Amino acid sequence: MEQIKVVFFAILSFFNVENGRIASTKTTVTVDTTSQTVQIQQENLFSITKNESETKVVVDQWNQFITMMDKDSAWSEDLKSFTDKKVQIDTIEEGILPKITLSYSNTNDLRVLGIWFNELRNDYSINNVTAQNLKTSDGVLDGNYWVFKGDQVFSFTLEPFLDLPEQYQSFIKPLEEILSEAKK
């Protein structure tokens, strides 16, 4: 199995940004096997910042992301096999909502995202990582893998920060708050 470098809930892992500090508390991934697209919708962007220096890093990373968002060269090298890559940022009262859409031409392209296709069984599988709190009504947990039928749209939600250790909880700041404070 490939080492997974692109992490669904870490927005900067999709781009050429080292040590990204921005994550989402909830991410919904939808794989449309007919149109061969993967949509990643992130909610509640945040960072863990303990001091002003760390806050500045987060602001700089966000600004870097916004600047390179529309540049093909900015995408992670691990995503080079995806034929079309788009990111859309919506801002609503609840916060900043990034939506990433990736198009693929071969099911093997999905491996970089941790999604494996088994042609013999016509199904997709994802490692079950308990700490990521994966929830789905489309798949079945089979041992250490979530398994999804290969001829239908499937989706799952990840909430990896539900059980964040208490020592970090007081340092969580919503991205909107960090960006707002930086403008002052």
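Presented here is an overview of the structure given in this document. What you see is a predicted model, and the numbers here were worked out from it, not measured in a lab. (Residues numbered from 1 in each chain as written. Predicted model: local features only at pLDDT ≥ 70, side-chain atom pairs only at ≥ 80, totals over all residues. Heavy atoms only, no water.)

1. Details of the overall build of the chain
- A tally of regular secondary structure across the chain gives three helices and 10 strands.
- Listing the helices and strands of the chain from first to last along the sequence gives β-β-α-β-β-β-β-β-β-β-α-β-α.
- Since a compact globule built from 184 residues should have a radius of gyration of about 16 Å, the 17 Å found for the chain is in line with a globular shape.
- Seen along its three principal axes, the alpha-carbon backbone of the chain occupies a region of about 55 × 35 × 30 Å.
- Considering the chain as a whole, with its 184 residues, one finds that 41% of them fall into the buried category.
- Long-range pairs, those at least 24 residues apart, make up 60% of the contacts in the chain between residues at least 6 apart in sequence.
- When the accessible surface of the chain is totalled, it reaches about 10300 Å², and 46% of it is carbon and sulfur.
- Taking the average place of the 17 positive charges on the side chains of the chain and the average place of its 27 negative ones, the gap between the two points comes to 3 Å. (Helix = DSSP H or I, 4+ residues; strand = E, 2+ residues; numbered from the N terminus. Rg over C-alpha atoms; globule rule 2.2 N^0.38 Å. Buried < 20%, exposed > 50% of the residue type's maximum accessible area, 1.4 Å probe, protein only. Contact = heavy atoms within 4.5 Å. Areas by Shrake-Rupley, 256 points an atom, 1.4 Å probe, with all protein chains shown as cover. Lys, Arg positive; Asp, Glu negative; His and termini not counted. Charge placed at Lys NZ, Arg CZ, Asp CG, Glu CD.)

2. Quick word on the nonpolar core
- Phe14, Leu102 and Leu113 are the most contacted members of the largest nonpolar core, which has 44 residues in total.
- Those elements that place two or more of their residues in this core are strand E1 (23-32), strand E2 (37-48), helix H1 (52-68), strand E4 (95-103), strand E6 (123-127), strand E8 (145-149), strand E9 (154-158) and helix H3 (175-183).
- With five residues, the single largest contributor to this core is H1.
- In this view, Phe14 contacts Val6, Val7, Phe8, Ile40, Gln42, Trp75, Ser76, Leu79, Ile100 and Leu102; residues no more than four positions away in its chain are not counted. (Core = buried A, V, L, I, M, F, W, Y, C linked by side-chain atoms within 4.5 Å.)

3. Structural notes on H1
- With 17 residues, H1 extends 24 Å from end C-alpha to end C-alpha; this agrees with the ideal 24 Å at 1.5 Å per step.
- Residues of H1 that are buried: Glu54, Thr55, Val58, Val59, Gln61, Trp62, Phe65 and Met68.
- Residues of H1 that are buried sit in contact with E2, strand E3 (84-92), E4 and H3.
- Its side-chain oxygen placed 3.1 Å from the backbone nitrogen of Ser53, Asn51 serves as the N-cap of H1. (Expected span 1.5 Å × (residues − 1). Polar contact = N/O pair within 3.5 Å; in protein donor to acceptor, adjacent residues only side chain to side chain.)

4. Some remarks on the pairing of strand E5 (residues 115-118)
- Looking at chain direction, E5 and E6 are connected through four bridges and run antiparallel. Among the inter-strand pairings, Asn118 is bridged to a residue of E6, identified as Asp123.
- Count of turn residues in the E5/E6 antiparallel hairpin: four residues, of which Asn122 carries a positive phi of about 55°. (Pairing = 2+ DSSP bridges.)

5. What to know about the pattern of salt bridges
- Scanning the entire structure with this criterion turns up seven salt bridges.
- One salt bridge in this structure joins Lys56 and Asp60, with 2.9 Å as the shortest N-O distance. Taken together, the residues Lys56 and Asp60, both in helix H1 and four residues apart, mark about one turn of the helix.
- With a closest N to O distance of 3.5 Å, Glu77 and Lys80 form a salt bridge. Summarising the burial analysis for this pair, Glu77 and Lys80 share the class exposed. (Salt bridge = Lys/Arg side-chain N within 4 Å of Asp/Glu carboxyl O.)

6. Side note on the environment of Tyr104
- Within the secondary structure layout, Tyr104 lies in the loop between E4 and E5.
- C-alpha separation for the pair Tyr104 and Phe15, spaced 89 residues apart in sequence, amounts to 17 Å.
- Excluding residues that lie within four positions of it along the chain, Tyr104 makes contacts with Val31, Asp32, Thr33, Gln36, Thr37, Val38, Phe82, Thr83, Asp109, Leu110 and Tyr124.

7. Here we look at the pairing of E9
- Most of E9 sits inside the fold, with four of its five residues counted as buried.
- Summarising the sheet, E1 and E9 pair through five bridges and their orientation is antiparallel. Its bridge partner being in E9, Val29 is matched across the sheet by Phe156.

8. Thoughts on the sheet that holds E5
- The four strands are arranged E5-E6-E8-E7 in an open sheet whose pairing can be described as antiparallel. The two strands at the open ends of the sheet, each matched to only one other strand, are E5 and strand E7 (139-142). Taking the axes of each pair of neighbouring strands and ignoring which way they run, one obtains an average angle of 30° across the sheet.
- Bridge count between E7 and E8: four bridges; the pairing is antiparallel. (Axes fitted to C-alpha atoms, helices over the stretch in contact; angles between N-to-C directions.)

All quantities given are derived from atomic positions and should not be read as evidence of function.
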